[in-house]
There are 2 protein chains.
Amino acid sequence: MTTTSWLDGLRAERPGLGRASTSGRVADVLRARITEGHLRPGTRLSEEDIGAALGVSRNTLREAFRLLGHERLLVHEFNRGVFVRELTVDDVRDLYQLRRILECGAVRRAAERRRAGSSDDRWAELLAPVREAVEEGEAAAAREQWVEVGTANMHFHQAVAALAQSPRVSEAMGHLLAELRLVFHVMDAPQAFHLAYLPENRTILELLAAGDLDAAESVMAAYLDAAEAQLIGAFAAARES
Amino acid sequence: MTTTSWLDGLRAERPGLGRASTSGRVADVLRARITEGHLRPGTRLSEEDIGAALGVSRNTLREAFRLLGHERLLVHEFNRGVFVRELTVDDVRDLYQLRRILECGAVRRAAERRRAGSSDDRWAELLAPVREAVEEGEAAAAREQWVEVGTANMHFHQAVAALAQSPRVSEAMGHLLAELRLVFHVMDAPQAFHLAYLPENRTILELLAAGDLDAAESVMAAYLDAAEAQLIGAFAAARES
DNA sequence: CATGAGGGATTGTTGAACAATCCGTCAATA
DNA sequence: TATTGACGGATTGTTCAACAATCCCTCATG
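Not measured: the values here are computed from a predicted model.

### Observations concerning the protein's contact with DNA strand C
No. 1: Around DNA strand C lies a shell of 22 residues, among which T22(A), T60(A), R80(A), R44(B) and R62(B) are the nearest.
No. 2: Near-protein atoms of DNA strand C (within 4 Å) split between backbone and bases, with sugar and phosphate holding 74%.
No. 3: A distance of 2.3 Å separates a phosphate oxygen of DNA strand C from a polar side-chain atom of T60(A).
No. 4: Contributing elements (two or more residues each) for the surface near DNA strand C: α4 (58-70) of chain A together with β1 (44-45) and α4 (58-70) of chain B.
No. 5: Broken down by class, the residue content of the surface near DNA strand C amounts to three nonpolar, 12 polar and seven charged.

Below, the structure written as structure tokens:
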């Protein structure tokens with residue numbers, strides 16, 4: 001049975017589990033397993049098995065499940081248990097709709113503040129995380145470290161959302177990206193997927209730095225449209241097999 | 001053909017069926033108490049007292065607390081308990097920043113779809129909930145039912161967010177408005193606050209209906225700026241006493 | 001006045017228990 | 001054969017009681 005294989009993997013995480021809220025740390029472990037693709041969508045998470053593997057009680061585990069349920073990484077079916085979320089094509093469309101609103105909105109809000117008279121220094125400071133993420137991605141690509149290219153891409157979009165300077169926008173973006181990672185794993189080569197958009201990231205950064213914020217916003221919108229289409233295509237293809 | 005319509009109809013009933021969860025119902029009760037102002041911000045919620053009052057066990061109550069914690073209505077301090085959230089001025093600013101992005105973004109997304117060739121009928125259908133909310137507010141004001149004016153105003157903004165046709169945007173807007181209700185109660189006359197913006201709602205509706213979406217968006221932005229300033233003013237005043 | 005040591009109260013977590021519910025199996029029936 | 005209905009094992013939903021960990025208040029001491 002394949003279930004025991006990742007249960008053993010979970011058991012290995014057990015020692016690193018010693019401080020702060022138990023349920024929170026259990027949630028961290030499971031979240032990592034899910035977003036990294038070790039727990040496939042649709043997998044049912046047995047309270048008894050996982051509780052035994054991690055050495056926590058059912059009640060504590062349930063709190064962790066509830067946490068991840070609210071982050072939409074797990075779905076909870078009454079009297080049936082919790083399952084790793086399976087995204088539908090509609091979910092992917094919805095996620096990209098939200099991305100368009102959050103990311104383009106963040107750029108737009110930053111633009112308004114810049115026009116309202118923020119200094120050049122302040123603007124450069126605000127843009128620094130975006131620049132770092134772009135360079136991180138290019139460096140990783142040069143070293144052919146494809147996994148790092150993917151995380152750098154995540155950092156880029158998180159940094160763009162952070163331009164709104166709103167904790168809630170950043171948090172929403174974080175949850176959104178975590179949810180999206182559920183669907184990246186259905187593709188054959190998720191690395192190539194992210195790689196293709198590195199030049200776009202650089203373009204957006206340069207437009208932002210140059211103050212051409214309308215152009216940055218529309219490039220971002222086009223980027224999201226293209227990525228959505230490509231992802232849905234790969235998704236539908238994987239659905240057939 | 002007829003079979004699928006049956007099935008779709010049943011599918012719509014599905015969420016109402018699984019609603020037997022005790023913790024969920026406990027959360028509903030507490031959420032109502034909080035948003036209606038019966039539980040003041042800062043109040044500590046004792047597990048034992050509330051569990052006894054509602055006749056549920058501590059474990060079940062804890063699940064309800066986690067639920068509301070994720071909706072940001074409660075804050076959970078480790079080893080200290082849960083408290084009704086106290087919003088700061090920064091929180092209010094952040095909430096309005098998010099509102100600007102979500103509501104203006106929803107209008108903008110709807111506008112793009114309309115320009116991309118959606119029919120007049122489809123557009124009127126999409127706008128119907130917004131119109132209903134506006135009329136609901138005006139009718140309540142005519143009857144001098146101020147509480148209903150407030151809820152109608154909530155419905156209006158929820159309906160505007162729904163223009164994005166995105167479940168996640170709608171849910172985020174719902175959480176946002178619930179959180180905002182925490183701060184409405186610090187004002188002397190929350191009724192008058194909502195009343196003042198009824199004409200604005202009507203204006204935005206008419207602009208949307210006329211297809212002048214850029215104007216609608218900028219009126220909305222101005223509305224949010226004004227409401228934010230007024231709310232922060234009242235908030236700072238209440239803070240002094 | 002500051003400081004540190006009890007002590008009571010509350011939360012964090014566990015384990016067990018029982019009821020409710022789901023799911024697969026299998027026999028009965030048309 | 002296909003459908004129905006009943007049975008039983010397995011899993012979840014919920015509660016309860018207990019103990020450890022932590023916080024907060026009080027009070028004695030310097």
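### As for the relation of the copies chain B and chain A
The relation between the two chain copies is a rotation about an axis coupled with a shift along that axis.
No. 1: The two copies are related by a screw operation: chain B maps onto chain A through 180° of rotation and 0.0 Å of translation along the axis, at an RMSD of 0.1 Å. What the rotation and shift describe, once combined, is the action of a two-fold rotation axis.
No. 2: A share of 94% of interface residues in chain B that are also interface residues in chain A marks the association as one of identical surfaces.

### Brief notes about the domain arrangement of chain A
Residue and element names in this part refer to chain A.
No. 1: Domain annotation of chain A identifies domain 1 (3-84) and domain 2 (89-240).
No. 2: At the junction of the two partners, domain 1 supplies nine residues and domain 2 supplies six residues.
No. 3: For the pair domain 1 and domain 2, the two sides together bury roughly 680 Å², of which 64% comes from carbon and sulfur.
No. 4: A per-residue breakdown of the area domain 1 buries against domain 2 is headed by T35, E71 and R72, which together make up 54% of the total.
No. 5: Linking domain 1 with domain 2 are one salt bridge, by the criterion used here.
No. 6: Here R72 ties to E179 by a salt bridge, and the two come within 3.6 Å at their closest N and O atoms.
No. 7: Linking domain 1 with domain 2 are two residue pairs in polar contact (both at pLDDT 80 or more), by the criterion used here.
No. 8: Taken together, the residues of the side of domain 1 that touches domain 2 sort by class into four nonpolar, two polar and three charged.

### Overview of the interface of chain B and chain A
No. 1: Every contact between the two is made by 35 residues of chain B and, on the other side, 35 residues of chain A.
No. 2: Both faces combined, the contact of chain B with chain A buries some 2900 Å², and carbon together with sulfur accounts for 50% of it.
No. 3: Counting the contacts that link chain B with chain A gives 12 salt bridges.
No. 4: R168(B) is paired through a salt bridge with D94(A); the nearest N and O atoms lie 2.9 Å apart.
No. 5: At the junction of chain B and chain A, the tally comes to 19 residue pairs in polar contact (both at pLDDT 80 or more).
No. 6: When contributions to the side of chain B that touches chain A are tallied by element, the ones reaching two or more residues are α4, α5 (89-115) and α8 (167-184) of chain B.
No. 7: For the side of chain B that touches chain A, the element with the most residues is α5(B), which contributes 13 residues.
No. 8: Looking at side-chain class alone, the side of chain B that touches chain A contains 12 nonpolar, eight polar and 15 charged residues.

Cut-offs applied
- Residues numbered from 1 in each chain as written.
- Chains lettered and ligands numbered in written order.
- Predicted model: local features only at pLDDT ≥ 70, side-chain atom pairs only at ≥ 80, totals over all residues.
- Heavy atoms only, no water.
- Near = heavy atom within 4 Å.
- Polar contact = N/O pair within 3.5 Å; in protein donor to acceptor, adjacent residues only side chain to side chain.
- Helix = DSSP H or I, 4+ residues; strand = E, 2+ residues; numbered from the N terminus.
- Nonpolar A, V, L, I, M, F, W, Y, C, P; charged D, E, K, R; others polar.
- Least-squares fit on C-alpha atoms with pLDDT ≥ 70 in both.
- Contact = heavy atoms within 4.5 Å.
- Domains from an automatic or database assignment.
- Buried area = accessible area lost by both parts, 1.4 Å probe.
- Salt bridge = Lys/Arg side-chain N within 4 Å of Asp/Glu carboxyl O.

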